[in-house]
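Examination of the molecular architecture
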Amino acid sequence: MTRADAADVTDAADATDPVGTTAGPVVRRAIRAVLRPDLWKRPDPWKRGPVLTALALLLGLTLLLHASVPNRIGNLGSLVETFLPWSGLFVPVLLAGALWRRSASAVVALLLPVTAWLNLFGGLLGDRSQPGGDLTVASHNVGAANPDPAGTARALAASGADVLALEEVTPQDRGTYEKGLARAYPHHTVLGTVGLWSRLPLSDTRPVDIRTDVGPLARIKPADATTAENRALRTTVATGHGPLAVYVAHLGSARVNPRSGFWTDSRDRNAKALAEAVAAEPNERVVLLGDLNGTLDDRAFAGLTSQLHSVQDAAGDGFGFTWPAGFPVARIDQILVRGVEPRSARVLPSTGSDHLPVAAAIDW
């Protein structure tokens, strides 16, 4: 209907309007509202919100195909996978937009990311722990800048862990940790910046070469300098069920900067070397404790996750984020096992470190 036709209809309403009544203006307003040209040009609910629909589909495809997001530019794939669980927060935002726009297509498109997210992370919702456990292991990056190493040692000694791994132990704080943990743990070993304290005897302790140093200068570095900078060790814990191989590792840092994007070169190199060391481990029972500086969704850890499984995934409560301690957004402190059964996993209360400690009870 054209604008002229609408005017004719309005005039007709005026002509039939009884003199002295107020119905005429009401009828005219109703006719104009119905005959507004823009009303009839509005798309139906399936055509509204095309941008919201596209964003919902993109989110779903990212969740489904995250392993295919390329790493060639700024390690984008690893960056996406590091914070992949948080992608679920986009769903309620997009849903609110879809409802506001009354877009049926956007609402339906959101079924894809919801289904994909639940498939990836739905199993982490809720408590998966079970009672029991023959041995409790714990790990903590105590932080080189920790203002209270003595208090951290006391808190860890009170955790009840049978085996305790520490990362980022500085030379100036090493004595504080050894003194604070001596009563609870009669056995301990420290190699470089990583150490293990245990209620049970230790043997066959040695450094693990995770290729922290590369290039020609690394080959001529003196042995004492190499030991001081060591960031991974392997030892055997004598348990009542037989020997348990325990690895402690602190992998290289990951950084985000404008020039190189998500920089993970040293961490990825360390992860690959550590995976090779675990693959060569003859003991079928293995526990890996440490700060891996990455989440296990990151493809960089495929070599480790193909051999070991996470205690948090198997027997934790929720996601178990550990960093940063003030407002944890990622679990980069890990306990991985092989040949033993996780019974429970938990994040311990904060200390003076920027990481939260983690603990797990395991069974045979």
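Residues numbered from 1 in each chain as written. Predicted model: local features only at pLDDT ≥ 70, side-chain atom pairs only at ≥ 80, totals over all residues. Heavy atoms only, no water.

Here the focus is the pattern of salt bridges. Taken as a whole, this structure holds nine salt bridges when the rule is applied. Among the ionic pairs, Glu-178 bridges to Arg-174, the shortest N-O distance being 3.0 Å. Of this pair, Glu-178 and Arg-174 both sit in helix H10 (residues 171-181), four residues apart, which is roughly one turn of the helix. The exposure class of Glu-178 is partly exposed, given its relative accessible area of 23%. (Salt bridge = Lys/Arg side-chain N within 4 Å of Asp/Glu carboxyl O. Helix = DSSP H or I, 4+ residues; strand = E, 2+ residues; numbered from the N terminus. Buried < 20%, exposed > 50% of the residue type's maximum accessible area, 1.4 Å probe, protein only.)

A few words on the packing of aromatic side chains. Taken as a whole and judged by the stated rule, the model has five aromatic pairs. A centroid spacing of 5.6 Å and a plane angle of 55° characterise the contact between Trp-117 and Phe-121, whose relative ring orientation is tilted. You can see Trp-117 and its partner Phe-121 sitting in helix H8 (residues 111-121), four residues apart, about one turn around the helix. The same class applies to Trp-117 as to Phe-121, namely buried. Aromatic pair Trp-117 and Phe-319: ring centres 6.3 Å apart, planes at 55°, arrangement tilted. Within this pair, whereas Trp-117 is found in helix H8, its partner Phe-319 is found in the loop between helix H15 (311-315) and strand E12 (333-338), the two being separated by 202 residues in sequence. Judged by its relative accessible area of 15%, Trp-117 falls in the buried class. (Phe/Tyr/Trp six-rings, centres within 6.5 Å; stacked < 30°, edge-to-face > 60°.)

The next point concerns helix H6 (residues 90-101). For H6, which comprises 12 residues, the first-to-last C-alpha distance of 16 Å matches the rise-based estimate of 16 Å (1.5 Å per residue) to within 8%. Restricting attention to buried positions, one finds in H6 the residues Val-91, Leu-94, Gly-97 and Ala-98. Relative to the axis of H6, the buried residues are bounded by an arc of 130° and lie together on one face. Turned more than 90 degrees away from the buried face of H6 sit Val-93, Leu-99 and Trp-100, all of them exposed. (Expected span 1.5 Å × (residues − 1). Arc of directions from axis to C-beta.)

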